[in-house]
Amino acid sequence: QVQLVESGGGLVQAGGSLRLSCAASGTIFSISTMGWYRQAPGQQRELVASSSNGGGTTYADSVKGRFTISRDNAKNTVFLQMNSLKPEDTAVYYCNAGGKVTPLSRSSWYWGQGTQVTVAS
């Protein structure tokens, strides 16, 4: 199985920056798309940014120009650089990755445990 471990959350003032990291470990044959979702209290989980293993990226409109997703494929790690943070960015951020544990297995989606990001106004 694949485990995803996030780090880098915390409390920051509005306008500040945080960098989230997520490392995949365990029995891994390949990792495809890696991304970040977030869920604020009382809200549905939403996509923040994703990165395909071919280099393509997708961003939610609300974070374009402020957040940057990047990855280190050799280390199966994905990062989310968050700049110009706003109080409305406050949420639990979850790492998500698609991967295979063997060459013949189906690709499955995996989730991290989540890391809290709180932006104070």
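Residues numbered from 1 in each chain as written. Predicted model: local features only at pLDDT ≥ 70, side-chain atom pairs only at ≥ 80, totals over all residues. Heavy atoms only, no water.

Enquirer: How should I be thinking about unusual backbone geometry in this particular structure?
Expert: Across the chain, the bulk of peptide bonds are trans and the bulk of non-glycine residues have phi less than zero. Within the chain, Asn-76 stands out as a residue other than glycine whose phi angle is a positive 50 degrees. Checked against the element boundaries, Asn-76 lands in the loop between strand 7 (67–72) and strand 8 (77–82). Asn-76 gets classed as partly exposed once you look at its relative accessible area, which sits at 22%. (Helix = DSSP H or I, 4+ residues; strand = E, 2+ residues; numbered from the N terminus. Buried < 20%, exposed > 50% of the residue type's maximum accessible area, 1.4 Å probe, protein only.)

Enquirer: Any chance you could explain the pairing of strand 9 (residues 91–100) here in plain terms?
Expert: In summary, the side chains of a regular strand alternate between the two faces of the sheet. Counting buried positions over the 10 residues of strand 9 gives eight, a clear majority of the element. Here strand 4 (residues 30–39) runs beside strand 9; their pairing, made up of eight bridges, is antiparallel. Within the sheet, the bridge partner assigned to Tyr-37 lies in strand 9 and is Tyr-94. Pairing between strand 9 and strand 11 (residues 115–120): three bridges, direction antiparallel. Residue Val-92 lies in a different strand from strand 11, and its bridge partner there is Gln-116. The pairing of strand 9 with strand 10 (residues 108–111) spans four bridges and is classified as antiparallel. From the neighbouring strand, Ala-97 faces strand 10, where its bridge partner is Tyr-110. (Pairing = 2+ DSSP bridges.)

Enquirer: What am I meant to see in the state of the cysteines here?
Expert: Joining two cysteines, a disulfide is a covalent bond between their sulfur atoms. A complete count under the given rule lists one disulfide for this structure. What pairs with Cys-22 in a disulfide is Cys-95, and their sulfur atoms sit 2.0 Å apart. Around the S-S axis, the bridge from Cys-22 to Cys-95 shows a dihedral of about -85 degrees and counts as left-handed. Of this pair, Cys-22 sits in strand 3 (residues 18–26) while Cys-95 sits in strand 9, and the two are 73 residues apart along the sequence. Per residue, the accessibility class of Cys-22 equals that of Cys-95, and both read buried. (Disulfide = S-S within 2.5 Å.)

Enquirer: So what exactly am I meant to see when it comes to the side chain of Thr-77 here?
Expert: Within the secondary structure layout, Thr-77 lies in strand 8. A polar contact of 2.9 Å, which involves the side chain of Thr-77, links it to the backbone oxygen of Lys-75. Beyond its immediate chain neighbours, meaning those up to four positions away, Thr-77 contacts Cys-22, Ala-23, Met-34, Ser-70, Arg-71 and Asp-72. (Polar contact = N/O pair within 3.5 Å; in protein donor to acceptor, adjacent residues only side chain to side chain. Contact = heavy atoms within 4.5 Å.)

Enquirer: Just checking my understanding: could you explain the pattern of salt bridges for this structure?
Expert: Any two side chains of opposite charge can pair, on the condition that their charged atoms come close. Summed over the entire model, instances satisfying the criterion amount to four salt bridges. Taking the shortest distance from any N to any O, the salt bridge between Arg-38 and Asp-89 comes out at 3.0 Å. You can see Arg-38 sitting in strand 4 and its partner Asp-89 sitting in the loop between strand 8 and strand 9, a full 51 residues away along the chain. The residues Arg-38 and Asp-89 share a single accessibility class, namely buried. Salt-bridge contacts for Asp-61 lead to Lys-64; the nearest nitrogen and oxygen are separated by 3.1 Å. Residue classification places Asp-61 among the exposed positions, given a relative accessible area of 64%. (Salt bridge = Lys/Arg side-chain N within 4 Å of Asp/Glu carboxyl O.)

Treat this as a map of the structure, not an account of what it does.
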